[in-house]
Amino acid sequence: MQTSSPYPMITVQAALAAILERAHPPAPVEVDFRQAQGLVLASDVVSHEDLPPGARSAVDGYAVTAQPGPRTLRVVGELTAGHVSSEHVEPDTAMRIMTGGLLPPGAEAVVMVEDTRERDGLVEVEKPARPGENVHPPGQDLVRGQLVLRAGARLGPAEIGILATVGQTRVPVYPRPRVAVLATGDELVEPEQEPPPGCLRDSNRFALMAAAREAGAEVVWHGHGRDERAALERLVREALDAADVLITSGGVSMGTRDLIKPLLADLGEVHFGRIAFKPGKPLTFVTIGQKLAFGLPGYPVSSLVTFEVFVRPALLELQGLSVVQRPRVTVELEHDLRPDRIRLEYQRAVVRWQADRLVAAPTGVQSSSRLMSMIGANALLEIQPGEETLPAGSRVPALLTGPPEAG
Ligand code: AMP
Ligand code: MG
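What you see is a predicted model; the values in this text were computed from it and never measured.

A. Spatial organisation of helix α5 (residues 260-267). Within α5, the full set of buried residues consists of I260, K261, L263 and L264. Each buried residue of α5 sits inside an arc of 165 degrees when the element is viewed along its axis, so together they form one side. Its buried side turned inward, α5 meets β13 (178-184), α4 (229-242), β17 (245-249), β20 (284-288) and β21 (291-296).

Here it is as structure tokens:
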């Protein structure tokens, strides 16, 4: 058994930089905007028209000329949304108009139906009508040539709505990265099975598949390999044939059956094999041709936290997203907290509003085997290494993995 790792220990920042400089989105594809939900836009979108194209009524009422006081006007017709009228409105006439109706020629304002009384073809207007009152001027919502969506935006409900509004029905988007997840370990059994002594159920494979999907990737392959070189090599090759990104769990530590690091090193180029990070020191990053491979540690918390901090940004970068990092905020510790002595530690925590401040409490024992430390967590506290206990009230940076809880 080796007693020291051949890989130098690098910082979290250096590790992230090494990953992100090698993650590039592939060529965009064009899809119908109806199929584009959740995908990332590859080009800017511009409006080619004014919206509304002409002045439109904002209310149900009467289109009139601007006038200073109450008066009685002759009703010359009715205009509903989607129709136009060439009938001219004069100082002594009014046209009934519905919300969204295009203002007829001569009209300068709309009086709300609530401020009128109509009888025998005449309408009494109780209030003055100022120019432009209750009218949406042309171009109020969009002007021709206006940038409406930027490349790098994920297409959610409002973005899909804007694409429909401007008539951009074909959109260039980045394809979802194809991900393969390989869990390794002789001790692993399927979730349906009763683990014999010394064994446990494989949870990483399913947690990592869920995390990859949540990050916008498509899981195209997954499997479990025993700690045996030839079998692992066959599975890794199969996974890399199917996917752009390989995520393995386990087999990257210093044990005699930790075969993933040397295997990946034989197949590609190792960019780092050790980071000053807790939980997950042995995280390994390798490129194999154009493909990215991440060797994640086996402990369930280590594998999910290293996914969160290192793999997720890579998957977002591969989708062309303009923002790949979680929001970083400053939070106040609710209790004393003991830092790790040498490594930057990411503690799972619940962050909540307390009046106008964000306060944080770690989710109990932070052991890397204790997956329960991630249940309910909405943040990772970034705790710098040190000898001194941080007293309650200390301010520390946190990555928000979910919205803060209400106070
Ligand atoms: P390893 O990094 O391969 O030495 O794994 C460390 C420990 O993590 C193992 O002893 C297991 O307890 C646990 N472990 C490894 N892989 C998995 C997995 N896929 N699901 C759940 N626990 C795992
Ligand atoms: Mg193992």
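B. Spotlight on the nonpolar core. One finds F294, F307, F310, L315 and Y346 to be the most contacted residues of the largest nonpolar core, which totals 45 residues. If you list the elements that add at least two residues to this core, you get α1 (12-20), β13, α3 (204-214), β17, β21, α6 (300-318) and β23 (344-354). In terms of residue count, α6 provides more of this core than any other element does, 11 residues in total.

C. View of the side chain of T306. Structurally, T306 is set in helix α6. Of note is the side chain of T306, whose polar atom sits 2.6 Å from the backbone oxygen of S302. Those residues in contact with T306, other than ones at most four positions away along the chain, are F277, P279, G280, L283, L296, P297 and V311.

D. Geometry of the packing of aromatic side chains. What the rule picks out here adds up to four aromatic pairs. The interplanar angle of 40 degrees and the centroid separation of 5.9 Å between the aromatic rings of F272 and F285 together place this pair among those described as tilted. Of this pair, F272 sits in strand β18 (residues 269-272) while F285 is found in strand β20, placing the two residues 13 residues apart along the sequence. Consider the rings of F277 and F310, whose centres lie 5.1 Å apart with planes at 75 degrees: the pair is edge-to-face. In this pair, F277 is assigned in strand β19 (residues 277-278) and F310 in helix α6, connecting sequence segments 33 residues apart. Each of the two residues, F277 as well as F310, counts as buried. Three or more aromatic residues link up through ring pairs in this structure, and these residues are F272, F285 and F294.

E. Geometry of the sheet that holds strand β16 (residues 218-225). The mixed open sheet is built from six strands, whose spatial order is β16-β13-β17-β21-β20-β18. Single-partner strands in this sheet number two, and they are β16 and β18. Across the sheet, the mean angle separating the axes of adjacent strands is 20 degrees when strand polarity is ignored. Direction of pairing for β13 relative to β16: parallel, over a ladder of seven bridges.

F. Layout of the site of ligand 1. Within the structure, ligand 1 sits among 16 residues, and D202, S203, N204, G251 and G298 are positioned closest to it. Separating a nitrogen atom of ligand 1 from a side-chain N or O atom of D202 is a distance of 2.8 Å. In the model, a nitrogen atom of ligand 1 is placed 3.0 Å from a nitrogen or oxygen of the S203 main chain. Counted by class, the shell around ligand 1 contains five nonpolar, seven polar and four charged residues.

G. Here's a closer look at the environment of P403. In this fold, P403 is placed in the segment after β26 (395-400). Judged by relative accessible area, P403 falls into the exposed class, the value being 67%. Along the chain, P403 and V329 lie 74 residues apart, while their C-alpha atoms are 12 Å from each other.

H. Summary view of the sheet that holds strand β8 (residues 116-119). Pairing is mixed across the open sheet formed by six strands, whose spatial order is β7-β4-β6-β5-β9-β8. A strand with exactly one partner marks an edge of an open sheet, and here the two such strands are β7 (109-112) and β8. Each strand axis lies, on average, 35 degrees off the axis of its neighbour in the sheet, ignoring direction. Note: strand β5 (residues 71-79) against strand β6 (residues 93-97), four bridges, orientation parallel. Its bridge partner lying in β6, L79 is registered against I97.

I. Main features of unusual backbone geometry. Going from L51 to P52, the amide bond is cis rather than trans, its omega being -5 degrees. Within the fold, P52 resides in the loop between β2 (45-46) and β3 (56-57). The amide bond that connects K278 to the next residue, P279, takes the cis arrangement and shows omega of 5 degrees. Secondary-structure assignment places P279 in the loop between β19 and β20. A positive phi angle, close to 50 degrees, is found at D120, a residue other than glycine. Within the fold, D120 resides in the loop between β8 and β9 (122-125). A positive phi is found at A355, a non-glycine position, where the angle reads about 55 degrees. Tracing the chain through its elements places A355 in the loop between β23 and β24 (357-362).

J. Geometry of the environment of A42. Mapped onto the secondary structure, A42 falls in the loop between β1 (29-32) and β2. Between the alpha carbons of A42 and G54 there is a distance of 31 Å; along the sequence they are 12 residues apart. Discounting residues that sit within four places of it in the chain, A42 has contacts with P28, A151, P172, V173 and Y174.

About the criteria used
Residues numbered from 1 in each chain as written. Chains lettered and ligands numbered in written order. Predicted model: local features only at pLDDT ≥ 70, side-chain atom pairs only at ≥ 80, totals over all residues. Heavy atoms only, no water. Buried < 20%, exposed > 50% of the residue type's maximum accessible area, 1.4 Å probe, protein only. Helix = DSSP H or I, 4+ residues; strand = E, 2+ residues; numbered from the N terminus. Arc of directions from axis to C-beta. Contact = heavy atoms within 4.5 Å. Core = buried A, V, L, I, M, F, W, Y, C linked by side-chain atoms within 4.5 Å. Polar contact = N/O pair within 3.5 Å; in protein donor to acceptor, adjacent residues only side chain to side chain. Phe/Tyr/Trp six-rings, centres within 6.5 Å; stacked < 30°, edge-to-face > 60°. Pairing = 2+ DSSP bridges. Axes fitted to C-alpha atoms, helices over the stretch in contact; angles between N-to-C directions. Near = heavy atom within 4 Å. Nonpolar A, V, L, I, M, F, W, Y, C, P; charged D, E, K, R; others polar.

Interpretation note: all reported values are geometric properties and have no functional meaning in isolation.
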